[in-house]
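Below are the chains, spelled out letter by letter.
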Amino acid sequence: MEFGWSDEEQGFRAEVRAFIDANWSTGTGHDWEPERDSDAVATYQQALSDHGWLTMAWPEEYGGKDASYIQQVIFNEESVLTGAPRGGQGASLVGPTLMIFGTEEQKLEHLPKIARNEIRWAQGYSEPGSGSDLASLQTRAVRDGDEFVINGQKIWTSGAMHADWLHVLTRTDPAAPKHRGISYFMMPADTPGITIRALSQITGASEFAETFFEDVRVPAANMIGEENRGWYVAATTLDFERSGVDRVAAFRGPYAQLRRVLDDAESGVELTASGRGDIADIEIEAEVARLIGYRVTWMQASGAVPNYEASMSKVFGSEMIQRDAQRASRILGQRGMLRPGSPHAVEDGVFCQVYLWAPSRSILAGTSEIQRNIIATRGLGLPRG
Ligand SMILES: Cc1cc2nc3c(=O)[nH]c(=O)nc-3n(C[C@H](O)[C@H](O)[C@H](O)COP(=O)(O)OP(=O)(O)OC[C@H]3O[C@@H](n4cnc5c(N)ncnc54)[C@H](O)[C@@H]3O)c2cc1C
């Protein structure tokens, strides 16, 4: 069994690293930091777009690089390690969904703009009463001639405050079984009747928003896929969201910082016997997570469609970050709990931020319980409860 990288793949990794070093300053923020310099993110994404890497997975005809799954994983890993941004929802979710379900007009209008980094997208799926059971969503769209009129509310809409366009699931047939009465729309975020209200998180950041729809008029031509078949389109979009394996690398940056603190004789942090055990566990689990993640990539590269395998990667990777955050906190004691800006915080409070940020990882893109249900039923063949 060979788990190594080919010379070509190692060369590509070096190319990615050199690009990030040349274009992204690590001082401009990670996901868990309260302030991420949005101008720096936009400038870097423009550099990615100019290089063809914003949409590297896309076919060349749509402005991509036809990158292999292995190349995408290498790119994602290096980006996560350095905190460098990637393509956003347009590149990773909306574009690929339009390539499968979009009309020719929709592809011509949106794909080039996404590839050129002109449009930022946000995803309006979850509602206050519909998260895991997404098909129960209530936001209503009613046809009126060539338009639909939308009323309702979405929540946890990541990036909505900065978005140019939204992709939104609505109920178009309340009488049909819940999965069969949903339609999927795209609309500019500044369409009259849309109100976006940022939500604050415990980290101090505002990553997502509540999004309200009051008599919002959207052309019927903005529907993705067929009327009342939006659930099946969205299922494809969610597959793109869940198959990402890069989350397993998310703790590597803070881990390097932790090692730096431990190596610094002046830091005042001493590694105890239990701390050494924690370090060993961080290392072991990182390797396990990497191999589970690579399995998903290997399946994709071989033409197979990962299913419960992606759920295994999601559940292990997201819960590992939480365990790692707790381990770092145990090793550093009270100093690991201080927030950025505190004069006594180590590495400017990064460990506290990661600790506060980590719980959200096992909620977004399908909670751990939902992933475990998938592993149990589809992976192990256990009966549905
Ligand atoms: C950082 C972050 C970003 C997000 N971004 C977006 C976004 O951009 N767009 C968007 O639409 N949504 C977004 N979400 C929302 C996310 O998809 C939902 O939070 C998630 O699907 C869970 O839904 P919920 O919060 O309503 O919890 P619920 O579904 O109400 O779940 C509550 C609890 O019950 C458990 N549970 C529910 N059903 C079952 C079951 N059948 N079996 C066992 N346990 C169950 C859950 O696991 C959970 O522990 C984001 C969430 C986070 C944390």
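The rules we used
Residues numbered from 1 in each chain as written. Predicted model: local features only at pLDDT ≥ 70, side-chain atom pairs only at ≥ 80, totals over all residues. Heavy atoms only, no water. Helix = DSSP H or I, 4+ residues; strand = E, 2+ residues; numbered from the N terminus. Domains from an automatic or database assignment. Contact = heavy atoms within 4.5 Å. Buried area = accessible area lost by both parts, 1.4 Å probe. Salt bridge = Lys/Arg side-chain N within 4 Å of Asp/Glu carboxyl O. Polar contact = N/O pair within 3.5 Å; in protein donor to acceptor, adjacent residues only side chain to side chain. Axes fitted to C-alpha atoms, helices over the stretch in contact; angles between N-to-C directions. Left-handed = near helix turned anticlockwise from the far one by under 90°. Near = heavy atom within 4 Å. Areas by Shrake-Rupley, 256 points an atom, 1.4 Å probe, with all protein chains shown as cover. Nonpolar A, V, L, I, M, F, W, Y, C, P; charged D, E, K, R; others polar. Phe/Tyr/Trp six-rings, centres within 6.5 Å; stacked < 30°, edge-to-face > 60°. Buried < 20%, exposed > 50% of the residue type's maximum accessible area, 1.4 Å probe, protein only. Pairing = 2+ DSSP bridges.

Let's shift gears to unusual backbone geometry. With phi around 50°, Asp-215 is a residue other than glycine that occupies positive phi space. Locating Asp-215 in the fold gives a position in strand β7 (residues 208-219). One non-glycine residue, Ala-365, lies in the positive phi region at around 55°.

So, on to the domain arrangement of the protein. Domains assigned within the protein are domain 1 (7-86), domain 2 (121-227) and domain 3 (243-379). For domain 1 versus domain 3, the distance between C-alpha centres works out to 21 Å. Listed by partner, the interface residues are 13 residues for domain 1 and 17 residues for domain 3. When residues of domain 1 are sorted by the area they lose upon contact with domain 3, Trp-32, Tyr-69 and Glu-77 head the list and together hold 49% of the total. Counting across the domain 1 and domain 3 interface gives 0 salt bridges. The interface formed by domain 1 and domain 3 includes 1 residue pair in polar contact (both at pLDDT 80 or more). For the side of domain 1 that touches domain 3, the element with the most residues is helix α3 (residues 69-82), which contributes 7 residues.

This part covers the packing of helix α1 (residues 7-23) against α3. For any two helices packed against each other, one specifies the inter-axial angle together with the distance between the axes. Orientation of α1 relative to α3, taken along the N-to-C sense of each, is 35°, at an axis distance of 10 Å. Classified by chirality, the crossing of α3 by α1 is right-handed. Between α1 and α3, the residues in contact are Glu-9, Phe-12, Arg-13, Val-16, Arg-17 and Ile-20 and Ile-70, Gln-71, Ile-74, Phe-75, Glu-77, Glu-78, Ser-79 and Thr-82, respectively.

As a matter of local geometry, the ligand sits amid 17 residues, with Ser-126, Ser-132, Trp-156, Thr-367 and Glu-369 nearest to it. Contact between the ligand and Thr-367: an oxygen atom at 2.6 Å from a side-chain N or O atom of the residue. Between Asn-373 and the ligand, the recorded distance is 3.1 Å, taken from a side-chain N or O atom to a nitrogen atom. About the coverage of the ligand: the protein hides 66% of its 980 Å² of free accessible area. Of the residues assigned to the shell around the ligand, the class counts are 6 nonpolar, 9 polar and 2 charged. Each of domain 2 (121-227) and domain 3 (243-379) accounts for three or more of the residues forming the shell around the ligand.

The full count for this structure, using the stated rule, is 10 aromatic pairs. Taking the centre distance of 5.3 Å and the plane angle of 85° together, the rings of Trp-5 and Tyr-294 count as edge-to-face. Placement of the pair is Trp-5 in the segment before α1 and Tyr-294 in helix α8 (residues 273-301), with a sequence separation of 289 residues. The class for Trp-5 is partly exposed, based on a relative accessible area of 26%. With a centroid separation of 5.9 Å and 65° between ring planes, the pair formed by Trp-53 and Phe-75 is classed as edge-to-face. Of this pair, Trp-53 sits in the loop between α2 (38-51) and α3 while Phe-75 is found in helix α3, placing the two residues 22 residues apart along the sequence. On the basis of relative accessibility, which here comes to 4%, the residue Phe-75 falls in the buried class.

Relative to β7, strand β3 (residues 147-158) is paired through 9 bridges, and the arrangement is antiparallel. Across the sheet, residue Ile-150 finds its bridge partner in β7, namely Val-216. Across 5 bridges, the pairing between strand β6 (residues 194-198) and β7 is antiparallel. Considered in β7, the bridge of Thr-195 is made with Phe-212.

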